[in-house]
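One-letter residues, chain by chain:
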Amino acid sequence: MDALLTKTKEKTVLAEKENITGSEALLKCLVAENVKTIFGYPGGAIMPVYDALYGYADQLTHILVRHEQGAIHAAQGFARVSGKPGVVFATSGPGATNLVTGLADALIDSTPLVCITGQVFAHLLGTDAFQEIDVINTTIPVTKWNVQVTEAKDIAGAVAKAFHIATTGRPGPVLIDITKNAQNELFEFAEYKKCESIRTYKPKPQLQISEVEAAAALIHQAKKPYILAGQGILLSGASKELMAFSEKTGIPVASTLLGLGAFPTNHPNYVGYLGMHGNYGPNVNTNQCDVLIAIGMRFDDRVTGNVSKYAKQAKVIHIEIDKAEINKIIKADVAVHADAREALGSLINLVQPNSHSEWMESFRVLNREEHEKVVHHEFNSTGEIKMAEVINHLSNQTNGEAIMVTDVGQHQMIASRYYQFKNPRTNVTSGGAGTMGFALPAAMGAKLAIPEQQVVAVIGDGGYQMTVQELGTIMQYKIPVKILVLNNNFLGMVRQWQQLFHGKRYSFTEMVNPNFVKLAEAYSIPARKVEKREDLQAALNEMLAAKTPYFLEVVVGKEDNVFPMVPAGAGVADVLLEAPTNK
């Protein structure tokens, strides 16, 4: 009787399973992971997945991009504003290798992605078959984890593991390469189980109270404490904790490039933006503080300048979830290896209420000097339109609440300096990799993730043309993203360095551009060009009011430069407010 009951139970379990292809199993797994949007481009080696996708239109929205690089940057934009992993489909060979730039960008900027690539039949691996590339070894350096699946039965486990790794600890991109036979195979598919843990992978360190107590002790002794807020604040959802910590202690807060939005720019304790083209006060006072509290940032060279001249006088507290970043560049006197939100939550309870009014005033004095020598001229210029005044108008007209997606170059630094970010996850840019061509597709992804939010892509004329084909995606799906191109007919950042440090030898940086307005109109996107200052504000209003996609080109000064500037090899305190006179 017991044996019969066991058999009956077994039959019941088996009856709940279904014989489906590996491709359909993949889609069921994605639905179970609450994926709604996929960015991709079909091809021969992933065709079975696309065939199965045909029947999932009511559960999965697929966005057909115009290039695989557009797919992965769109997925990055989606992930950065939503906090959810972006999902990408691509075929084998060039389809997969076209993802490499985006994978590298996502890895260094801690963006969670799950990329699915098709691969040739398993029996053809290693034979140099048509469109066969060793995707696993190609992408090892640019992924947090990758795996090749050659049997259908292994797809669900790989997907579960991929989502867990991509989204936990320090987020990052993962890649699953699935052979065509695995996509076609029929197998018995039961319930999908999400991955909750992996024995050899411990993404979230246990907060050590002794480390937090040591940090609090340093803070109590400090006369000039200083917080550097990085993207880790945003990734851990610690913006409220950061504000509470700063308000209780009276400690000034400066932001890294990717940390912009983690702390409101209109808060009285906010002192500015760090780095090579950051604000004067935050850079200079890095070498004046006595306790430097770095939270969720990795001491990138664009923040530190010459490391041998960086904050030598200060005790350093480094709060960081990725142990590999601790003591890698700047030695920490107190290292708190923990999630930023957990660490700050604990630290708030240990620190005493305080204020540092004189120290805070020193930032204001330095920033007034910057305003007099730089900002005043940017906002009160005659002649050619300045990039800064465009961004200032945009910031005012959106109240600092739009999602700003920037490309790479002078416009990126200007936007970071002059857009007044009020809210978390509203600054989307390519930080560590500095990928030109990032902004247009990333803005598409951001808008699809949060359609009710105003999304503005601010791009230079150089970077715009690297992924301009994604206007076709915008047209096809009627994505109402706003595109603002600041056109100086130069590769502006390179030209600035050529002007200042290479005797104005403008070697292959001047650009002859197409008619951008006609190009946008060819994709059925309303477009306008502004060359006169008196037309600027009305044009921005028209762009922002549009219910459709909109393209606005603003012609700006050809030889405008971005200051302040920390020259190569200089320390952060050697930041320049104007061009050196001997060049």
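Going along each chain's sequence as written, the residues are numbered from 1 onward. Confidence filtering applies because this is a predicted model: local features only for residues at pLDDT of at least 70, side-chain atom pairs given and counted only at 80 or more, and all residues used for totals across whole chains, interfaces and linings. Hydrogens are left out, water is left out, and the side-chain values use all remaining heavy atoms of the structure.

1. Focus: the overall build of the protein
Helix and strand definitions follow DSSP, with helices as H or I runs of at least four residues and strands as E runs of at least two, each counted in order from the N terminus. Along its length, the protein carries 24 helices and 20 strands. Atoms considered for the radius of gyration are the C-alpha atoms alone. The globule rule reads 2.2 Å times the number of residues to the power 0.38. For the protein, the C-alpha radius of gyration of 25 Å lies close to 25 Å, the compact-globule estimate for 583 residues. Along the first, second and third principal axes, the C-alpha set of the protein runs to 85 × 65 × 45 Å. Contact between two residues is taken to exist if any of their heavy atoms lie within 4.5 Å; hydrogens are not considered. Here the contacts in the protein between residues at least 6 apart in sequence split such that 76% fall between residues at least 24 apart. As displayed, the protein offers around 23,900 Å² of accessible surface, 52% of which is attributable to carbon and sulfur atoms. Charge counting treats Lys and Arg as positive and Asp and Glu as negative, with His and both chain ends excluded. Positions of charges follow a simple convention, taking NZ of Lys, CZ of Arg, CG of Asp or CD of Glu. Placing the 53 positive and 58 negative side-chain charges of the protein at their respective mean positions leaves the two points 3 Å apart. Computed with the Shrake-Rupley method and a 1.4 Å probe, the accessible areas treat only the protein chains shown as cover for residues.

2. A look at the confidence of the model for the protein
On average, the protein scores 95 in pLDDT, and the residues at 70 or more come to 97%. On a range of 0 to 100, pLDDT expresses the predictor's confidence in each residue. Per-residue pLDDT stays below 50 along residues 1-15; that stretch engages in one contact with residues further than four places along the chain or on separate chains.

3. Points about the pairing of strand 6 (residues 145-149)
Strands are labelled as partners when DSSP assigns at least two bridges between them. Pairing geometry for strand 6 and strand 7 (residues 173-179), over five bridges, is parallel. Bridge pairing in strand 7 links Val149 to Ile178. By convention a crossover is right-handed if, when the strands point away from the viewer, the path from the first strand over the helix to the second runs clockwise. Where the polypeptide runs from strand 6 across helix 8 (residues 155-167) and back to strand 7, its parallel neighbour, the crossover connection is right-handed.

4. Thoughts on the nonpolar core
Counting residues in each nonpolar core, the largest one holds 79 residues, and the members touching the most others are Phe245, Leu394, Leu484 and Val554. Apart from residues no more than four positions distant in its own chain, Val554 is found in contact with Ile385, Val390, Leu484, Val485, Leu486, Asn487, Val530 and Leu536. Membership of the second largest hydrophobic core comes to 48 residues, among which are Ala74, Leu113, Leu440 and Ala442. Among buried residues, those of type Ala, Val, Leu, Ile, Met, Phe, Trp, Tyr and Cys that are joined through side-chain atoms within 4.5 Å constitute a nonpolar core. Three labels apply to residues, based on accessible area from a 1.4 Å probe with only protein chains included: buried if under 20% of the type maximum, exposed if over 50%, partly exposed otherwise in between.

5. Side note on the pattern of salt bridges
Any Lys or Arg side-chain nitrogen found within 4 Å of a carboxyl oxygen on Asp or Glu counts as a salt bridge. Scanning the model with the defined rule gives 18 salt bridges in all. Among the salt bridges present, the one from Asp301 reaches Arg302, with a minimum N-O distance of 2.9 Å. Classification of Arg302 by relative accessible area gives partly exposed; the value is 48%. A salt bridge links Arg417 to Glu370, with the shortest nitrogen-to-oxygen separation between them at 2.7 Å.

6. Notes on the side chain of Ser246
Position of Ser246 among the secondary structure elements: in helix 12 (residues 239-249). A distance of 2.9 Å separates a polar atom in the side chain of Ser246 from a polar atom in the side chain of Asn269. For Ser246, the residues in contact, after removing those within four places along its chain, are Ile227, Ile251, Val253, Phe263 and Asn269. The definition of a polar contact used here is a pair of N or O atoms within 3.5 Å, where within protein one atom must be able to donate a hydrogen and the other to accept one, and adjacent residues in sequence count solely through side-chain atom pairs.

7. Overview of the packing of helix 4 (residues 68-82) against helix 6 (residues 100-108)
The contact between helix 4 and helix 6 brings their axes to 8 Å, and the two run at 20 degrees. Relative to helix 6, helix 4 is oriented roughly parallel. Seen along the crossing, helix 4 lies across helix 6 with a hand that is right-handed. Two secondary-structure elements touch here, helix 4 through Gln69, Ile72, His73 and Gln76 and helix 6 through Thr101, Gly102, Leu103, Asp105 and Ala106. Here the nonpolar group is Ala, Val, Leu, Ile, Met, Phe, Trp, Tyr, Cys and Pro; Asp, Glu, Lys and Arg are the charged ones; every other residue, Gly included, is treated as polar. Class assignment for the residues of the contact of helix 4 with helix 6 results in three nonpolar, five polar and one charged. Structural elements are reduced to axes, namely lines fitted to C-alpha atoms, with helices fitted over the stretch in contact, and the angle between N-to-C directions of any two is expressed from 0 to 180 degrees. An angle below 35 degrees is treated as roughly parallel, one above 145 as roughly antiparallel, one from 65 to 115 as roughly perpendicular, and anything else as oblique. For any pair of crossing helices, the crossing counts as left-handed if the nearer helix is rotated counterclockwise from the farther one by less than a right angle, and right-handed if it is rotated clockwise.

8. What to know about the sheet that holds strand 17 (residues 455-460)
Here we have six strands laid out as an open sheet, ordered 16-15-17-18-20-19, and parallel in their pairing. Strands at the two margins of the open sheet, each flanked by one partner only, are strand 16 (427-429) and strand 19 (527-530). Neighbour-to-neighbour, the strand axes of this sheet turn through a mean angle of 20 degrees, independent of strand direction. The sheet contact formed by strand 15 (residues 403-406) and strand 17 spans four bridges and is parallel. By the bridge assignment for strand 17, Met404 is matched with Val456. Sitting on the sheet, helix 17 (residues 387-398) is in contact with strand 15, strand 17, strand 18 (482-487) and strand 20 (550-555), with an inclination near 160 degrees to strand 18. Along the sheet, helix 24 (residues 536-545) contacts strand 17, strand 18, strand 19 and strand 20; its crossing angle with strand 20, the most-contacted strand, is approximately 160 degrees.

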